[in-house]
Amino acid sequence: MPLTATLAPSSAPLAADADAGEIPPDLASFLGDAPTHPALLRPRPARPHAAALTEAALALAAVARIDAGAAVLTGPLHLPADSRGTVHRIGRCGVLHLPAAPVIRAVSLGYGRLAQRGSSFPALRPGAVRLIPAGREVLLAELDGLAALAVEIAL
């Protein structure tokens, strides 16, 4: 047999009037003069490392490519603290080997296209970022017969 419940209608509205900026009277009577919880006064937490790395990799790729329009759209180049950026130029049909590192890394392209060997990930293209976890090595190959410019940001 299914369980059902019936609620008695209340005379006070449960929803606040959004335009008036008020809270419902039943909630106001419950809160009274309660102080604001300290957790609500804290500033927002910092962006995760992956987001900062992704943003920096895209900006560095635009600058390395000397694409002024894309560099302006990505904003000023702010590398995360204690990070380092490396620019790799891959020749025609070349290979980029990124050995295992103890830190997380982000790789983006200024131009070209790189396929990751031994994976089902789609090819890395400009405007995309590949995050490489700590302790993992990656082999990226240029299969189109053109050159590529890759940037790597590591924490």
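Quick summary incoming for the structure in this document. A quick note: this is a predicted structure, and the numbers were derived from the prediction, not measured.

The rules behind each value
Residues numbered from 1 in each chain as written. Predicted model: local features only at pLDDT ≥ 70, side-chain atom pairs only at ≥ 80, totals over all residues. Heavy atoms only, no water. Salt bridge = Lys/Arg side-chain N within 4 Å of Asp/Glu carboxyl O. Helix = DSSP H or I, 4+ residues; strand = E, 2+ residues; numbered from the N terminus. Buried < 20%, exposed > 50% of the residue type's maximum accessible area, 1.4 Å probe, protein only. Pairing = 2+ DSSP bridges. Axes fitted to C-alpha atoms, helices over the stretch in contact; angles between N-to-C directions. Contact = heavy atoms within 4.5 Å.

**Notes on the pattern of salt bridges**
Side chains bearing opposite charge may pair, as long as their charged atoms lie close to each other.
Here is step 1: Using the criterion set out here, one finds two salt bridges in the structure.
Here is step 2: For Arg-105, the salt bridge goes to Glu-152, with nearest N and O atoms at 3.4 Å. In this pair, Arg-105 sits in strand E3 (residues 105-111) while Glu-152 sits in strand E7 (residues 148-154), placing the two residues 47 residues apart along the sequence. Each member of the pair Arg-105 and Glu-152 is classed as buried.

**Observations regarding the sheet that holds strand E5 (residues 129-132)**
Here is step 1: Judged by pairing direction, the sheet is antiparallel, and its four strands sit side by side in the order E1-E7-E3-E5 without closing on themselves. Bordering the open sheet on either side are strand E1 (84-90) and E5, each of which pairs with just one other strand. Averaged over all pairs of adjacent strands, the angle between strand axes in this sheet comes to 25°, irrespective of strand direction.
Here is step 2: Looking at chain direction, E3 and E7 are connected through six bridges and run antiparallel. The residue of E7 that forms the bridge with Tyr-111 is Leu-149.
Here is step 3: Its contacts with the sheet place helix H3 (residues 49-64) against E1, E3, E5 and E7, and it is angled at close to 145° to E7.

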